[in-house]
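Read off the chains here:
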Amino acid sequence: DVKVTQSSRYLVKRTGEKVFLECVQDMDHENMFWYRQDPGLGLRLIYFSYDVKMKEKGDIPEGYSVSREKKERFSLILESASTNQTSMYLCASSPGQGVYEQYFGPGTRLTVT
Amino acid sequence: DQQVKQNSPSLSVQEGRISILNCDYTNSMFDYFLWYKKYPAEGPTFLISISSIKDKNEDGRFTVFLNKSAKHLSLHIVPSQPGDSAVYFCAASNTGTASKLTFGTGTRLQVTL
């Protein structure tokens, strides 16, 4: 079974803090993704990566950056957290090479006060 | 611009009956479609998918129908069970775009006894 793990289930941070969300997958997948889920808005893509050190902006990249130094790990960085970044953050991975199903981690509920 | 739309935020169905969840899309470049199921405090899990070369795909109690001319897909669950109570997201991909998925806003299904 594919396993995608996220470093924290719940996180509370203050406005202006730098926040790191870590995601690790154990199936040697090529592609990794970060989404946020908000009520009434579904899942929105923040950033994705199709290879080590490669990244592409998703639909809502403003206020975020990412890092992928190793194939199995994809980090989401909030440079200066703001209250409108309070959300559920979901990491996913997919094999690539014509396989489109994505496998998700359990999510991190981030609250910025 | 919401390219994938789930116009029913919620649906209630009696146990044993059929659940029909609907999804519409606007981007004619989408050629692969997926359904995900999400329980509270968990990440979405992949349920079933369909390629645009088909109009139906079945897996046990779950069947997905695709009407390309109407840009509409639906998920049928029969018979519905209480454990099916969850939020269901449809997602779409243009298979030429590095496995990116565009998600709908979700439909909360409640299966009552």
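As a reminder, the structure under discussion sits directly above these lines.
Residues numbered from 1 in each chain as written. Chains lettered and ligands numbered in written order. Predicted model: local features only at pLDDT ≥ 70, side-chain atom pairs only at ≥ 80, totals over all residues. Heavy atoms only, no water.

A.B. asks: Teacher, can you tell me more about the overall build of chain B here?
C.D. replies: Summing up its helical and strand segments, chain B has zero helices and eleven strands in all. N-terminal to C-terminal, the α/β element order of chain B is β-β-β-β-β-β-β-β-β-β-β. Against the globule reference of 13 Å for 113 residues, chain B gives a C-alpha radius of gyration of 13 Å, in line with a compact fold. The dimensions of chain B, computed from C-alpha atoms along their principal axes, are 45 × 30 × 20 Å. Counting contacts in chain B only where the partners sit at least 6 residues apart, residues at least 24 apart contribute 54% of the total. Summing over all exposed atoms, chain B offers an accessible surface of approximately 5400 Å²; the carbon and sulfur share of this is 48%. Chain B carries 11 positive and 9 negative side-chain charges, and their two centres are separated by 3 Å. (Helix = DSSP H or I, 4+ residues; strand = E, 2+ residues; numbered from the N terminus. Rg over C-alpha atoms; globule rule 2.2 N^0.38 Å. Contact = heavy atoms within 4.5 Å. Areas by Shrake-Rupley, 256 points an atom, 1.4 Å probe, with all protein chains shown as cover. Lys, Arg positive; Asp, Glu negative; His and termini not counted. Charge placed at Lys NZ, Arg CZ, Asp CG, Glu CD.)

A.B. asks: Got a minute to help me understand the interface of chain B and chain A in this structure?
C.D. replies: Taken residue by residue, the interface counts 20 residues in chain B and 21 residues in chain A. Buried area between chain B and chain A, summed over both chains or domains, comes out near 1800 Å², and the portion from carbon and sulfur atoms is 60%. Of all residues in chain B, Ser 99, Lys 100 and Phe 103 of chain B bury the most surface against chain A, accounting for 28% of the area lost on that side. At the junction of chain B and chain A, the tally comes to zero salt bridges. Across the chain B-chain A interface, the total number found is four residue pairs in polar contact (both at pLDDT 80 or more). Of all the secondary-structure elements, those providing two or more residues to the side of chain B that touches chain A are strand E4 (32-38), strand E5 (45-51) and strand E9 (86-93) of chain B. Broken down by element, the residue count for the side of chain B that touches chain A peaks at four residues, all from E4 of chain B. Looking at the side of chain B that touches chain A, its residues break down into ten nonpolar, seven polar and three charged. (Buried area = accessible area lost by both parts, 1.4 Å probe. Salt bridge = Lys/Arg side-chain N within 4 Å of Asp/Glu carboxyl O. Polar contact = N/O pair within 3.5 Å; in protein donor to acceptor, adjacent residues only side chain to side chain. Nonpolar A, V, L, I, M, F, W, Y, C, P; charged D, E, K, R; others polar.)

A.B. asks: Help me understand the nonpolar core in this model?
C.D. replies: Within soluble globular proteins, side chains that are nonpolar generally end up buried alongside one another. Core analysis: the biggest nonpolar cluster contains 23 residues, and Phe 33, Trp 35, Leu 73, Leu 75 and Tyr 88 of chain B have the highest contact counts within it. The biggest single contributor to this core is E9 of chain B, with four residues. (Core = buried A, V, L, I, M, F, W, Y, C linked by side-chain atoms within 4.5 Å. Buried < 20%, exposed > 50% of the residue type's maximum accessible area, 1.4 Å probe, protein only.)

A.B. asks: Honestly, the pattern of salt bridges in this entry has me stumped. Any pointers?
C.D. replies: It is possible for side chains bearing opposite charge to pair when their charged atoms get close. Residues and elements named next belong to chain A. If you walk through the whole model with that rule in mind, you get nine salt bridges over all chains. Across the pair Glu 79 and Lys 18 runs a salt bridge, and its minimum N-O distance is 3.5 Å. Highlighted residues: Glu 79 in the loop between strand E8 (73-78) and strand E9 (87-94) and Lys 18 in the loop between strand E2 (10-13) and strand E3 (19-25), separated in sequence by 61 residues. With a relative accessible area of 42%, Glu 79 lands in the partly exposed category. With a relative accessible area of 44%, Lys 18 lands in the partly exposed category. The closest approach of N and O atoms between Lys 71 and Asp 28, which form a salt bridge, is 3.1 Å.

A.B. asks: What exactly am I supposed to notice about the state of the cysteines here?
C.D. replies: Two cysteines joined by a covalent bond between their sulfur atoms form a disulfide. All names here are of chain A. One pass over the full model with this rule turns up two disulfides over all chains. Across the disulfide, Cys 23 is cross-linked to Cys 91 (sulfur-sulfur distance 1.8 Å). Across the S-S bond of Cys 23 and Cys 91 the torsion is about -75°, and the bridge reads as left-handed. Taken together, the residues span a long stretch of sequence, with Cys 23 in strand E3 and Cys 91 in strand E9 at a distance of 68 residues. (Disulfide = S-S within 2.5 Å.)

Everything listed here is a matter of geometry and, on its own, says nothing about what the molecule does.
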